[in-house]
Amino acid sequence: MGSHVSGSGTTYKFIHVCGARQHNLRDVNVDIPREKMTVITGPSGSGKSSLAFDTIYAEGQRKYVESLSVQARQSLAQMPKPDVESIDGLMPCVAIEQRVSSTSPRSTVATATEIYDFLRLLFARAGTPTCWECGREITRQSVSQIVDEILSLPMNSRFMVLAPILFRSRGDHAELLCRLSRQGFVRARIDGEIVHLEDVVGLDASVQHTIEVIVDRLQIKQDVRSRVVDSVELALRLAGGRVIASVRQSDGRFDDHAFSSCFCCADHPEVTLEELSPRIFSFNSPHGACARCHGLGTVLEFDAELIVADPGLPIASGAIHPVASRGKSGTTLAGLIDEFCRMFSVSPDTIYRNIPSELGRILMRGTTKADIERYHAHFRGLVDYLHERWDKTTSDTFKEKLHEYMSEQPCHECSGGRLCRQSLAVKLAGRSIAEVCRLSIAQARTFLDDLAFEGNRQAIAEPVLRELRSRLRFLCDVGVEYLALDRSGSTLSGGEAQRLRLATQIGSGLVGVCYVLDEPTIGLHPRDSSKLVATLEQIVQSGNTVIVVEHDEIVVSAADYVIDMGPGAGLHGGEVVAHGSMSDVLASPASLTAQYLTGVERISVPQVRRQAESRQSIRIHKAAANNLKNIDVVFPLGTLTCVTGVSGSGKSTLVTDILMRHLWREINGTGHKPGKCERVSGMHQVDRVIEVDQCPLGRSPRSNAATYVGAFDLIRKLYAKTREAKLRGYSSARFSFNAKGGRCEECQGQGTKRIEMHFLPDVYVECGACNGSRYNRETLEIRYRGKTIADVLNMRMEDALVFFSNFPKIAQLLKALVDVGLGYLPLGQSSITLSGGEAQRVKLSAELGKTASGHTLYIMDEPTTGLHVSDVHNLVNVMSRLVNSGHTVVVIEHNLDVIKMADWVIDLGPEGGAGGGRVLVAGTPEEVAACQESYTGRFLRQVLSSA
């Protein structure tokens, strides 16, 4: 491989990486073809991300920053030079990683993809303003248009030109009437009656009044136009852009024709709109945001469902959560409930769920005017009482207690639309911009495809529509068509956020760029992987280079070039074990990837599955949260259960929002508000519920896997029991690098010191006082079997297991870490440097290391993220160990190797979004494979047939 010379310059055909030693890379030399799709695969921890992101992308970014001026570099976050000898042929790089781009509640799918910016422009330039009171279209007319319409009346018609000054306004308005009289106006129509201004001294201040000044009285004739123009202009000036032509009918009645030179409703003068511009459709701007929720669409309010502790208990003894505080009237919550029971003749022993719905509403929300007339009683409601306590209390502890009964509720002012009513009154094909954003990407694409305009509006809207249709098409191509445009960015999975950024990059139309992607198939059903591959190929065909870190067999097989890292993880990896075309990699005997792809190694289907039907279970009745369609679902206990289905079919809603949250509230009495369902039965059979996710173990760089599972505490106690430590009076705290006494105070137990370099990147250097050991000299004088506590932190897990084999408790915890495939990690490696998959396996090992007690339900959301098939093999064995210990594991998963190993599979679908939310089939993997309607079953048939 190499380059060829063209003219006076060198045109590179490859990206030449020479001597890469970042993290665990071992002097890697590799040539990556340009304008091709290259997949880097290999076991977790083998160095894939170190090569793709920490070396190639980091160097591309660093070279770009170095090309800027010193002044510009001072305002940018500087990137350190990766540990590599040289990289030649590198073009500008764009990284599209797994991380969710924003946790802000203001970030949505539409804003993240810039679709909302184009929608704002479309509504501002081609939208139709309407009245939010009557729905009538609001138009703005020029003076000439108003006059022409008035003069189109029949010849000799008599009419008055009125200037509507006030509309339904309280007061005597004496000063206004006097001023109008001084200005020369003789008559006015007040509350529908024509009066002489000089006869009116003042009006009833307690009544709302409408005042319309009579500017002129005219008759339609040939030469009246100039006078009509003058009268209309004067009326528009007086009334702020509004004028009324009141035409006398043959029977003496007057017929009003309202006109406006600004955006206001002729029938509702109080309804006015400002000049249409993109800013009034922005919920991040005060010009467009709803004043009540400030553009969030939701407000924090007391939730009746959270106030009720148990609807199956009596109203006055257990049904309502106790709140031990008095209101300003000295009333307690219990006293308020007693008052309700007396007022509405409800027995205190009545079960809460048996209270009539109308009385239940009054108990929570208080009485309305209609309720007072019917029951002859006024009741404030528990929600109003709690709001009073929230506003009046100065106790942070009590506010924290009250916060447990609050949840995010749709804003009543904008109904969750985020915008003020003026902005929501602008429509396109009968929809406001908020209604368009509530559509899924696929539905929005259909809506905009069908949108058509006439005349000048078509010429104005066409370029915006073209851009919108293009971006929506790209989003559908990457498999996220089920997402609603107003879906909060903070609720997206890492894979969904990555695919949104990928579609945005495609829309940018860049050429000659190196895109580096980190597992874009995360959360993607096998059905949609081919769509993703087609999208990546489209990027390549546009003249770009694509480097993908990926394990998915469909993506790996579609690559032009494959780099397989290995042979193992951590210190056992960091080498290129195979590279070239797919056939070249499959022929390599050193490739672990090839061994699984060719069937030499495989995850074997169990000969006998656990009988799920004969076991106790948790049952969810009539689940209806989000897109779930009143489904009944059974989760058998003591099994490995997989919940599958295409992206957006309702898996996370069912498992996380309903099952897990109901269990948390049942077991712990707290937690987020569960998703909507009729009830959940069988929860008493579970003692604990644990979510094993891929979130970092902790934010502190001091935390590590050994401290998380508790092994390091035992190791510190062991060192404190040595003879020398006892003679010196050292406790286990002496061997902590987080506390004063034993740690090095020069670096405060970090082992490194940060040196600020101003406009250059910060430099981290080894602490000169402790030489990176983290401890002071006296602590390092204590040894166990010749090893200091610092030596132990530098040991790999597998070596530490042998070293502490004589101590069963320590060995048990370390063996759990080794069993989940983390034997290559040093005990002291900071948790913030662990990948999501590594962090999840550490959490699993912490559970494996515990002595089994009671029945625990483990919930995992796509635990195979970031895992090579060999690591998936280890993960399946770990989950089986948990189930064999008497626990239950519920997994949301697309990985077919995990699904085929499950005892019970619940397949949702058939599509995502509104097209999903049904249980297609629930049973063994073989029963799912036999379901013709199931996409999962279609792929599972192939896997089971080859097993």
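What counts and what doesn't
- Residues numbered from 1 in each chain as written.
- Predicted model: local features only at pLDDT ≥ 70, side-chain atom pairs only at ≥ 80, totals over all residues.
- Heavy atoms only, no water.
- Helix = DSSP H or I, 4+ residues; strand = E, 2+ residues; numbered from the N terminus.
- Buried < 20%, exposed > 50% of the residue type's maximum accessible area, 1.4 Å probe, protein only.
- Contact = heavy atoms within 4.5 Å.
- Areas by Shrake-Rupley, 256 points an atom, 1.4 Å probe, with all protein chains shown as cover.
- Salt bridge = Lys/Arg side-chain N within 4 Å of Asp/Glu carboxyl O.
- Pairing = 2+ DSSP bridges.
- Axes fitted to C-alpha atoms, helices over the stretch in contact; angles between N-to-C directions.
- Patch = residues over 30% accessible without salt bridge, like charges linked within 9 Å, V, L, I, M, F, W, Y side chains within 5 Å.
- Lys, Arg positive; Asp, Glu negative; His and termini not counted.
- Charge placed at Lys NZ, Arg CZ, Asp CG, Glu CD.
- Expected span 1.5 Å × (residues − 1).
- Phe/Tyr/Trp six-rings, centres within 6.5 Å; stacked < 30°, edge-to-face > 60°.
- pLDDT = per-residue confidence, 0-100.
- Polar contact = N/O pair within 3.5 Å; in protein donor to acceptor, adjacent residues only side chain to side chain.
- Arc of directions from axis to C-beta.

A.B. asks: Would you explain the overall build of the chain in this entry?
C.D. replies: Tallying secondary structure elements over the chain gives 35 helices and 34 strands in all. Based on the C-alpha atoms only, the size of the chain along its principal axes is roughly 110 × 90 × 65 Å. Every one of the 947 residues in the chain was classed for burial, and the buried ones make up 52%. For the chain, contacts bridging at least 24 residues in sequence account for 68% of all contacts bridging at least 6. Surface summary for the chain: the accessible area is close to 42,900 Å², and the carbon and sulfur share equals 47%.

A.B. asks: Even after reading the chapter, I still don't get unusual backbone geometry, so can you show me in this structure?
C.D. replies: Trans peptide bonds make up most of the peptide bonds, and negative phi angles are found at most residues other than glycine. Here the bond from Gly566 into Pro567 is cis, since omega is 0 degrees, no more than 30 degrees from zero. Along the polypeptide, Pro567 turns up in the loop between β22 (561–566) and β23 (575–580). Across the junction of Gly909 and Pro910, the peptide omega takes the value 5 degrees, indicating a cis bond. Secondary-structure assignment places Pro910 in the loop between β33 (904–909) and β34 (918–923). Positive phi, normally seen in glycine, also occurs at Ser345, with a value near 55 degrees. Mapped onto the elements of the fold, Ser345 is located in the loop between α9 (333–343) and α10 (357–365).

A.B. asks: Could you clarify how one ought to interpret the pattern of salt bridges in this entry?
C.D. replies: Under the counting rule described, the total for this entry stands at 42 salt bridges. Of the charged contacts, one joins Lys401 and Glu404 as a salt bridge, the two residues approaching to 3.8 Å between their closest N and O atoms. For Glu404, a relative accessible area of 39% translates into the label partly exposed. Through salt bridges with shared partners, a single network forms among Glu481, Arg527, Asp528, Lys531 and Glu911.

A.B. asks: What exactly am I supposed to notice about the sheet that holds strand β25 (residues 631–636) here?
C.D. replies: Sheets are built from strands that pair by backbone hydrogen bonding, the pairs being arranged parallel or antiparallel. Strand order across the open sheet formed by three strands is β25-β24-β27, with antiparallel pairing between neighbours. The open sheet terminates on both sides in strands that have one partner only, identified here as β25 and β27 (679–681). The average undirected angle you get between the axes of adjacent strands in this sheet is 15 degrees. Pairing of strand β24 (residues 617–623) with β27, which is carried by three bridges, proceeds in the antiparallel orientation. Bridge pairing in β27 places Ile620 opposite Val680.

A.B. asks: Help me out: how do you make sense of a positive patch on the surface in this one?
C.D. replies: Taken together, the side chains of Lys717, Lys721, Lys726 and Lys809 make up a positively charged region of the molecular surface. Its location among the elements puts Lys721 in the loop between α25 (711–720) and α26 (723–728). Among the residues examined, Lys721 registers a relative accessible area of 59% and is labelled exposed.

A.B. asks: Whenever I open this one, the sheet that holds strand β31 (residues 856–861) confuses me. Can you help?
C.D. replies: On the basis of which strands lie adjacent, the open sheet formed by six strands has the order β28-β31-β32-β26-β33-β34 and mixed pairing. Edge positions in the sheet fall to β28 (688–691) and β34, since each has one partner strand and no second. Along the sheet, successive strands turn relative to each other by an average axial angle of 15 degrees, direction set aside. Two strands pair when backbone bridges link them, and strand β26 (residues 640–644) and strand β32 (residues 888–892) are joined in this way by four bridges, in the parallel orientation. Its bridge partner lying in β32, Cys642 is registered against Val891.

A.B. asks: I tried to follow helix α17 (residues 456–477) on my own but got confused; where do I start?
C.D. replies: Spacing of three or four residues puts side chains on the same side of an α-helix, whose turn is 3.6 residues. Taking 1.5 Å as the rise per residue, α17 with 22 residues should run 32 Å; its terminal C-alpha atoms sit 32 Å apart, in good agreement. All of the buried residues in α17 are Ala461, Val464, Leu465, Leu468, Ser470, Arg471, Leu472, Phe474, Leu475 and Cys476. At the C-terminal side of α17, Gly479 shows a positive phi close to 85 degrees.

A.B. asks: Please clarify how the packing of aromatic side chains should be interpreted in this entry.
C.D. replies: Aromatic ring pairs are defined here through the distance separating the ring centres and the angle between the ring planes. Applying the stated rule across the entire model yields 15 aromatic pairs. Here the aromatic rings of Phe344 and Phe379 are separated by 6.4 Å at their centres, their planes lie at 90 degrees, and the arrangement is edge-to-face. Taken together, the residues span a long stretch of sequence, with Phe344 in the loop between α9 and α10 and Phe379 in the loop between α11 (369–375) and α12 (382–392) at a distance of 35 residues. Across the pair, Phe379 and Phe344 agree in class, each one buried. Centroid distance Phe737 to Tyr775: 6.4 Å. Interplanar angle 70 degrees. Geometry classified as edge-to-face. With Phe737 in the loop between α26 and β29 (752–755) and Tyr775 in the loop between β30 (763–766) and α27 (777–780), this pair connects stretches of sequence that are 38 residues apart. Like Phe737, the residue Tyr775 is buried in the burial classification. One aromatic cluster in this structure is built from Tyr719, Tyr730, Phe735, Tyr784, Phe803, Phe804 and Phe807.

A.B. asks: Help me out: how do you make sense of the environment of Ala442 in this one?
C.D. replies: Its place among the elements puts Ala442 in helix α16 (residues 441–449). Judged by relative accessible area, which is 30%, Ala442 ranks as partly exposed. Once you skip the residues sitting within four places of it in the chain, Ala442 turns out to touch Cys476 and Glu481.

A.B. asks: Please clarify how the confidence of the model for the chain should be interpreted in this entry.
C.D. replies: The predicted coordinates ought not to be read in detail in places where the model reports low pLDDT. Per-residue confidence for the chain averages 86 on the pLDDT scale, and 93% of its residues sit at or above 70. For the stretch residues 324–330, pLDDT sits under 50, and the model shows 14 contacts to residues farther than four places along the chain or on other chains.

A.B. asks: Help me understand the environment of Thr504 in this model?
C.D. replies: Tracing the sequence through the fold places Thr504 in helix α18 (residues 494–508). Overall, the relative accessible area of 17% leaves Thr504 in the buried class. In this structure the C-alpha to C-alpha distance between Thr504 and Pro348, which are 156 residues apart in sequence, comes to 59 Å. Beyond its immediate chain neighbours, meaning those up to four positions away, Thr504 contacts Ala112, Thr113, Glu114 and Arg471. At 2.9 Å, the side chain of Thr504 and the backbone oxygen of Leu500 are in polar contact.

A.B. asks: What should I look at first to understand α9 in this one?
C.D. replies: For α9, the set of buried residues is Leu333, Leu336, Ile337, Phe340 and Cys341. All buried residues of α9 project into a common sector of 140 degrees when viewed along the axis, lining one side. Buried positions along α9 lie against α10 and α12. Following α9 by one or two positions, Ser345 has its phi on the positive side, about 55 degrees.

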